[in-house]
Amino acid sequence: MKKNWVALPLAGVVLSACVTVNIYFPAAAAEKAADKIIDEVWQGTKSPDTTTKPGAPAPAVPVNQKEKSI
Amino acid sequence: MNALIKFCVAWLVLFSVNVASAQVNIEINTPGVSALKQSMHDRHSQLAEFYGNGAVGLTSDGMIAVRDASAVPLAARQKVNGLVAAENQDRKALYAEIARANGHPEWEGDIRNTFAQRWIQRAQAGWWVQIGGSWKKK
């Protein structure tokens, strides 16, 4: 008889645990996640990349290394 | 009796873990998802041309398919078929990986359906998408 004190709440906990395992699909969150991934997969295709380098590197300055030591 | 109490405590811990994981959030920041995203992004630069000319379209089940092979020069058809097959393999893996990363492999179908809707909704004008079994141009 004493065991009932433990067994009953235990049964309750087990049952409620079973209910939480069976949670349903979070559609709104999934949509947001999908959008994020789609953004990343398709990014950079809306407009053809105009890859003009802003401020092309200045032409190399002639380097004089004529320091001769005799 | 002692063992029973221990068992009870263990169940309580399990229960609270379940409650924590029931938070409505979809985890997509895993190495597997990142790798698939990167692979699909790299492939997209080659596929975009075929979406644009109607050779390839987005299907209603979250995949892509060759819609009009005649839009592709004979020499490039093999390449398009390869791209489509590789893309579909990645997509399938992506849906499964997201479901797995969230501890619910059984969500794969739901995730695939969600993606199918979003891919189609966000497709660029001029691309072909499959709606209700037939192809439509966006």
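Sequence order as written defines residue numbering, which begins from 1 separately in each chain. A letter from A marks each chain and a number from 1 marks each ligand, given out in the order of writing. Owing to the predicted nature of the model, reporting of local features is limited to residues with pLDDT of at least 70; listing and counting of side-chain atom pairs is limited to 80 or more, with chain, interface and lining totals taken over all residues. Values shown for side chains rest on all heavy atoms present in the structure; no hydrogens or waters enter the calculation.

Draft legend 1. Just the overall build of chain B, in detail. Helix numbers and strand numbers start at the N terminus; a helix is a DSSP run of H or I with at least 4 residues, a strand a run of E with at least 2. Of the regular secondary structure elements, chain B holds four helices and four strands. For chain B, the α and β elements follow one another from N to C terminus as α-α-β-β-α-α-β-β. Here's how the labels work: a residue is buried when its accessible area is under 20% of the maximum for its type, exposed when over 50%, partly exposed in between, all with a 1.4 Å probe on protein chains only. The buried share of chain B, reckoned over its 138 residues, is 38%. Residue contacts follow a heavy-atom distance rule, with two residues in contact if any of their heavy atoms lie within 4.5 Å. Of the contacts made within chain B by residues no fewer than 6 positions apart, 54% connect residues no fewer than 24 positions apart. Where accessible areas are quoted, they stem from the Shrake-Rupley method and a 1.4 Å probe; at the residue level, only the protein chains shown are allowed to cover. Total accessible area on chain B is roughly 7300 Å²; 57% of this is exposed by carbon and sulfur atoms.

Draft legend 2. Main features of the nonpolar core. By size, the foremost hydrophobic cluster in this structure holds 39 residues, and its most contacted members are L58, L94, I98, F115 and W119 of chain B. Contributions of two or more residues to this core are made by α2 (27–42) of chain A together with α2 (31–52), β1 (56–58), α3 (74–101) and α4 (108–122) of chain B. The criterion is simple. A nonpolar core is a set of buried Ala, Val, Leu, Ile, Met, Phe, Trp, Tyr and Cys residues joined through side-chain atoms within 4.5 Å.

Draft legend 3. Representation of the pattern of salt bridges in the model. One speaks of a salt bridge when a side-chain nitrogen belonging to Lys or Arg is within 4 Å of a carboxyl oxygen belonging to Asp or Glu. In the structure shown here, the tally under the stated rule is ten salt bridges over all chains. Here E108 of chain B and K92 of chain B are joined by a salt bridge, their closest N and O atoms 3.4 Å apart. Of this pair, E108 of chain B sits in helix α4 while K92 of chain B sits in helix α3, and the two are 16 residues apart along the sequence. Residue class for K92 of chain B comes out partly exposed when judged on its relative accessible area of 44%. A network of salt bridges, in which partner residues are shared, links D35 and D39 of chain A together with R118 and R122 of chain B.

Draft legend 4. Quick peek at the packing of aromatic side chains. Between 30 and 60 degrees the pair is tilted, below 30 it is stacked and above 60 it is edge-to-face, where a pair is any two Phe, Tyr or Trp rings, Trp via its six-membered ring, whose centres lie within 6.5 Å. Taken as a whole and assessed by the stated rule, the structure comprises six aromatic pairs over all chains. On the numbers, 5.4 Å between centres and 75 degrees between planes, the contact of F25 of chain A with W107 of chain B is edge-to-face. With F25 of chain A in the loop between α1 (4–21) and α2 and W107 of chain B in the loop between α3 and α4, the pair connects residues from two separate chains. Taken as a pair, F25 of chain A and W107 of chain B share a single burial class, namely buried. Pairwise contacts between aromatic rings join W42 of chain A together with Y51, Y95, F115, W119 and W127 of chain B into one cluster. The cationic tip of R67 of chain B hangs over the ring face of W128 of chain B; the distance from NZ or CZ to the ring centre is 3.6 Å. The criterion is that NZ of a Lys, or CZ of an Arg, lies within 6 Å of the ring centre and within 35 degrees of the ring normal, and then a charge sits over that ring.

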